[in-house]
Amino acid sequence: MVNTEIAVLKKEPGVAGNFISCSVDKTGLLNKIEFSNSDKFNFAFDIVDAIAERTPKKLAMLHISKHQRERYITFEDMKTYSNKTANYLEYLGIKKGDKVMLVLKRNYQFWFTILALHKIGAIAVPASFLLTKKDFEYRFKAAHIDCIIASADGNISDEINKAAKGYDGLKAKILVGASREGWHSYNKDVRFFSDVYHRTAESPCGDDPMLMFFTSGTTSYPKMALHSYKYPLGHYITAKYWHQVEQDGLHFAISDTGWGKAVWGKLYGQWMSNATVFTYDYDEFYAKEILALLEKYKITTFCAPPTVYRVLVHANLKEYDLSSLKNATTAGEALNPEIYKRFYEATGLKIMEGFGQTETTLTVGNLKGMEPRPGSMGKPSPMYDIEILNPDGEQCAIQETGEVCINIKNGVPCGLFLGYYHDEEKTKSVIHDGYYHTGDTAYIDKDGYLWYVGRVDDIIKSAGYRVGPFEIENEIMKLPYVLECAVTSVPDKIRGQAIKASIVLCKGTEATEELKKEVMLYLRNNLASYKRPKLIDFVNDLPKTNSGKIRRAEIKKRDLEVEKNNE
């Protein structure tokens with residue numbers, strides 16, 4: 001790699017060059033990035049509106065509705081309708097600092113709305129359409145929500161109405177796509193408002209709060225990660241060097257808008273790179289449907305969680321013409337090497353894995369110019385100073401497992417969250433001693449690649465050994481009849497903890513005692529004795545968060561309850 005002290009920093013092309021400078025080595029590998037004018041940065045004005053002024057007819061998004069209706073939305077359209085929406089929301093009393101929850105699935109109005117909020121200075125709070133009354137009640141009160149904008153699809157508004165009965169903080173409820181008593185109608189109302197919205201000296205920027213995500217909540221109630229207006233800058237690497245988007249290409253990210261991965265793959269970095277986003281507003285995921293879209297619209301870059309790739313590799317990928325696809329990426333949880341191998345054999349594409357959190361942007365990844373290693377998260381992003389630390393806060397040796405931490409002693413990078421909203425205690429529990437502690441464990445090899453082990457809470461301590469679930473899961477996934485699996489611990493009087501594997505079988509495979517013995521025999525031949533599961537449980541499905549992450553904590557909780565009932 002080029003010595004970063006003598007590397008030549010060059011402004012990136014397009015409007016992003018006003019804020020970002022990068023240097024790459026002779027192979028094209030990014031080795032340094034710097035930001036300028038970040039204290040004045042506002043993505044909606046400085047990127048979207050700027051592109052609309054320079055190239056108004058440039059396509060921002062190709063949106064496909066669930067009924068297959070195509071909408072070609074330009075940057076000029078984004079500017080026009082975000083301005084209308086900003087004026088509409090201010091008319092309803094929404095102001096700078098208000099918290100506005102967005103429950104908009106993949107409806108195209110999400111983009112108009114979140115840009116409008118960025119212009120006003122109201123804090124956008126994306127939320128999943130799968131939430132129920134209880135979920136909304138918690139979020140309304142915890143985040144002090146002032147307004148909610150929701151899709152008319154399904155029973156979303158019913159659940160919101162139930163939750164709102166016990167909460168009097170809402171200034172307005174806005175429904176997108178239909179009319180309903182007690183709700184303002186976005187589609188009917190917004191058209192009457194001006195398409196001019198001026199930036200002023202009071203407009204938000206820099207360190208002002210902009211966006212708040214509820215975390216996945218794999219072990220407890222979701223926390224609220226608050227981000228500033230600098231956050232989008234951190235996603236330039238996400239799109240340009242990880243997704244490897246192109247100006248004339250189409251980038252397709254699976255995530256719905258209720259989760260952080262939506263702005264990773266459907267908004268900030270892509271538009272900073274002057275690329276076009278492809279959005280399919282589906283209700284249910286069907287592998288064949290997604291593959292048909294990749295073929296029909298000649299998608300060039302694709303991002304999906306490992307859950308999706310696990311399903312895709314069991315479809316006949318060779319039935320589809322995926323020749324337009326140039327890069328495939330994944331994040332959200334670790335990708336099993338077996339899935340990587342099957343996808344590569346079928347498509348010739350090497351899945352570029354990445355790692356990040358709701359609290360960060362892409363932190364570790366297989367970036368442009370790197371040769372991915374199956375099972376590795378990649379190398380640290382040049383934007384983050386990553387260290388692997390042991391429980392004593394000391395740097396781990398090569399191949400030694402420790403916690404992935406971000407060194408912030410020399411400053412906080414664009415993309416790292418401001419803290420947990422109204423929770424100083426939880427913020428201090430992860431930001432202390434000059435580091436942000438991710439709670440994820442990994443080890444680093446001699447070439448600088450990081451290898452995921454598991455969440456700190458997922459580490460199994462059995463008979464004196466510390467075992468990460470991911471390595472065992474990778475071995476189980478090599479069995480052709482396994483769709484997915486999760487490795488957890490169960491109490492054991494002798495070992496302290498024993499290892500259990502919960503396995504979902506592929507369709508058509510019968511869960512028998514003979515098959516269980518076959519799995520145990522395979523693991524006996526392929527894993528060290530202290531890593532072998534003592535229990536195998538065939539299950540119909542695995543508990544997951546709404547964003548698709550396996551809830552190992554829930555599996556362990558269920559097992560504890562079963563044990564107590566059997567005592």
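One structure accompanies this document, and this report is about it. (Residues numbered from 1 in each chain as written. Predicted model: local features only at pLDDT ≥ 70, side-chain atom pairs only at ≥ 80, totals over all residues. Heavy atoms only, no water.)

Things to note about the packing of aromatic side chains
Stated precisely, the cut-off is as follows: Put simply, two rings from Phe, Tyr or Trp (the six-membered ring, in Trp's case) pair if the centres are within 6.5 Å, and we call them stacked under 30 degrees between planes, edge-to-face over 60, tilted for the rest. The buried label goes to any residue with under 20% of its type's maximum accessible area, the exposed label to any with over 50%, and the partly exposed label to all in between, with areas taken from a 1.4 Å probe on protein chains only. Where helices and strands are cited, they refer to DSSP runs of H or I of at least four residues and of E of at least two residues respectively, numbered from the N terminus. The rule is short: NZ of Lys or CZ of Arg within 6 Å of the ring centre and within 35 degrees of the ring normal puts a charge over the ring.
Following the criterion strictly, the structure yields 26 aromatic pairs and no others. Ring centres of Tyr108 and Phe112 lie 5.8 Å apart, and the angle between their planes is 75 degrees; on these two criteria the pair is classed as edge-to-face. On the basis of relative accessible area, Phe112 is assigned to the buried category, the value being 6%. Summarising the aromatic geometry, the rings of Tyr309 and Phe343 are spaced 5.2 Å apart at their centres and angled 85 degrees between planes, so their arrangement reads as edge-to-face. With a gap of 34 residues between them, Tyr309 in helix α11 (residues 306-312) and Phe343 in helix α12 (residues 337-347) connect regions that are remote in the sequence. Lying across the ring of Phe214, Arg139 places its NZ or CZ 4.8 Å from the centre.

Re the nonpolar core
Applicable threshold: In plain words, nonpolar cores are sets of buried Ala, Val, Leu, Ile, Met, Phe, Trp, Tyr and Cys residues tied together by side-chain atoms within 4.5 Å. Contacts between residues were defined by any pair of non-hydrogen atoms, one from each residue, lying within 4.5 Å.
Core analysis: the largest hydrophobic core is formed by 99 residues, its most contacted members being Phe43, Met78 and Trp271. Those residues in contact with Phe43 that lie beyond four places of it in its chain are Val48, Leu115, Pro232, Leu267, Tyr268, Trp271 and Met272.

A few points about the packing of helix α1 (residues 43-54) against helix α2 (residues 75-91)
Just so we agree on the cut-off: To obtain each axis, a line is fitted to C-alpha atoms, and for helices this fit is confined to the stretch in contact; angles are then taken between N-to-C directions over 0 to 180 degrees. Note on terminology: angles under 35 degrees are roughly parallel, angles over 145 are roughly antiparallel, angles of 65 to 115 are roughly perpendicular, and the others are oblique. Helix crossings get a hand from a simple test, with the near helix turned counterclockwise from the far one by less than a right angle marking a left-handed crossing and a clockwise turn marking a right-handed one. Each residue gets one label: Ala, Val, Leu, Ile, Met, Phe, Trp, Tyr, Cys and Pro are nonpolar, Asp, Glu, Lys and Arg are charged, and the others, such as Gly, are polar.
Where α1 meets α2, the axes come as close as 8 Å, and the angle between the chain directions of the two elements is 130 degrees. In terms of orientation, α1 lies oblique with respect to α2. Judged by the twist between their axes, the crossing of α1 over α2 is left-handed. Across the interface between the two elements, Val48, Asp49, Ile51, Ala52 and Glu53 from α1 touch Phe75, Glu76, Met78, Lys79 and Asn83 from α2. Looking at the contact of α1 with α2, its residues break down into five nonpolar, one polar and four charged.

So, α1
Threshold: One less than the number of residues in a helix, times 1.5 Å, gives the span that helix is expected to have.
Along its twelve residues, α1 runs 15 Å from first to last C-alpha, staying within 8% of the 16 Å computed at 1.5 Å per residue. The element α1 is extensively covered by neighbouring structure, given that ten of its twelve residues are classed as buried. Phe43, Ala44, Phe45, Asp46, Ile47, Val48, Asp49, Ala50, Ile51 and Ala52 are the residues of α1 that are buried. The inward-facing, buried residues of α1 contact α2, α3 (109-120) and α9 (268-272).

Observations concerning the packing of α2 against α3
One can describe the packing of α2 onto α3 by two numbers: an axis separation of 8 Å at closest approach and a directional angle of 65 degrees. The chirality of how α2 crosses α3 is right-handed. Note on element contacts: α3 touches α2 through Trp111, Phe112, Thr113, Leu115, Ala116, Leu117, Lys119 and Ile120, opposite Asp77, Met78, Lys79, Tyr81, Ser82, Asn83, Thr85, Ala86, Leu89 and Glu90. Broken down by class, the residue content of the contact of α2 with α3 amounts to ten nonpolar, four polar and four charged.

Quick word on the side chain of Glu473
Applied cut-off: Residues adjacent in sequence count toward polar contacts only when both atoms are side-chain atoms; beyond that, a polar contact is any pair of N or O atoms within 3.5 Å, and within protein one must be able to donate a hydrogen and the other to accept it.
Topologically, Glu473 is positioned in helix α14 (residues 469-476). Side-chain polar atoms of Glu473 contact the backbone nitrogen of Val487, separated by 2.8 Å. Once residues within four sequence positions are removed from consideration, Glu473 is found in contact with Asn336, Cys485, Ala486, Val487 and Arg552.

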